[in-house]
Amino acid sequence: MNTMVKLGTAIAAGALSLAALSTAPAQAATPGTAAAHRSDALGPFGYGGVKLGMSTRQAKATGKIVRKTGYSDCSGWDLKKHPTGRDAVGIYISKKLGVAVISAPKGVKTPQGIGIGSTRTQLRKAYPKLETTASGSKDHLVTNIPGNRKAFYRFLLDHSKIYSVSLELKNQDCTN
């Protein structure tokens, strides 16, 4: 009898799972495709209502950023919803190019599902054409962005885990 109860429970659970699947929205056939259209993904053109190339005036008009620092050619900003702390900035805005760099807040991923905490293996699977930066470090990697030929992703790793992801204009003049 106990076995029958377990079997009945398993069948019921399976029926619930099938019912949930039949009413669930269809999932994308390839990894990252659905995320590519989500507004909460970093890229391919921006994040959180702020887009690469926006002027300072346009970015401020979104009401989503707050100024942190100013340099001669660039200023540092944060997204209001994602403050970075005292010694960091989340967005660089170039006087010449507009929004030039957007760093991913913790928990935010690229459309291909890569974010802070992702592994080197996951990164290489999502972006097989990774290249090392000019520094030559195997822990500083860049890749072109699917759908935006004017920008790239920069990934910084500590051992085998990503600790920084940024979306950057290829000709940005704010950071190394």
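Here the structure is a predicted model, which means the values were calculated and not measured.

What counts and how
Residues numbered from 1 in each chain as written. Predicted model: local features only at pLDDT ≥ 70, side-chain atom pairs only at ≥ 80, totals over all residues. Heavy atoms only, no water. Disulfide = S-S within 2.5 Å. Helix = DSSP H or I, 4+ residues; strand = E, 2+ residues; numbered from the N terminus. Buried < 20%, exposed > 50% of the residue type's maximum accessible area, 1.4 Å probe, protein only. Core = buried A, V, L, I, M, F, W, Y, C linked by side-chain atoms within 4.5 Å. Contact = heavy atoms within 4.5 Å. Salt bridge = Lys/Arg side-chain N within 4 Å of Asp/Glu carboxyl O.

Caption draft 1: Layout of the state of the cysteines. Under the criterion given, the structure shown has one disulfide. Across a sulfur-sulfur distance of 2.0 Å, Cys74 and Cys174 are joined as a disulfide pair. Disulfide Cys74 to Cys174: torsion about the S-S bond roughly -85 degrees, handedness left-handed. Taken as a pair, Cys74 in strand S4 (residues 74-79) and Cys174 in the segment after strand S10 (161-169) lie far apart in primary sequence, 100 residues in all. Accessibility expressed as a relative area gives 5% for Cys74, which makes it buried.

Caption draft 2: Spotlight on the nonpolar core. If you look at the biggest cluster of nonpolar residues, it comprises 34 residues, and the most contacted ones within it are Leu42, Ile91, Val99, Ile102, Leu123 and Phe155. Mapped by element, the contributors of at least two residues to this core are S4, strand S5 (91-94), strand S6 (98-103), strand S8 (140-145), strand S9 (148-158) and S10. Contact partners of Ile102, with chain neighbours within four places excluded, come to Leu42, Gly46, Tyr47, Val50, Leu52, Gly90, Ile91, Val165, Ser166 and Leu167.

Caption draft 3: Spatial organisation of the pattern of salt bridges. Taken as a whole and judged by the stated rule, the model has four salt bridges. Between Asp78 and Lys68 there is a salt bridge; the shortest N-O distance is 3.0 Å. With Asp78 in strand S4 and Lys68 in strand S3 (residues 65-70), the pair connects residues that are 10 residues apart, well separated along the chain. A relative accessible area of 3% means that Asp78 is categorised as buried. Notably, a salt bridge pairs Asp139 with Arg120, separated by 2.4 Å at the nearest N-O pair. Of this pair, Asp139 sits in the loop between strand S7 (131-132) and S8 while Arg120 is found in helix H3 (residues 120-126), placing the two residues 19 residues apart along the sequence. As far as burial versus exposure is concerned, Asp139 and Arg120 are alike and both buried.

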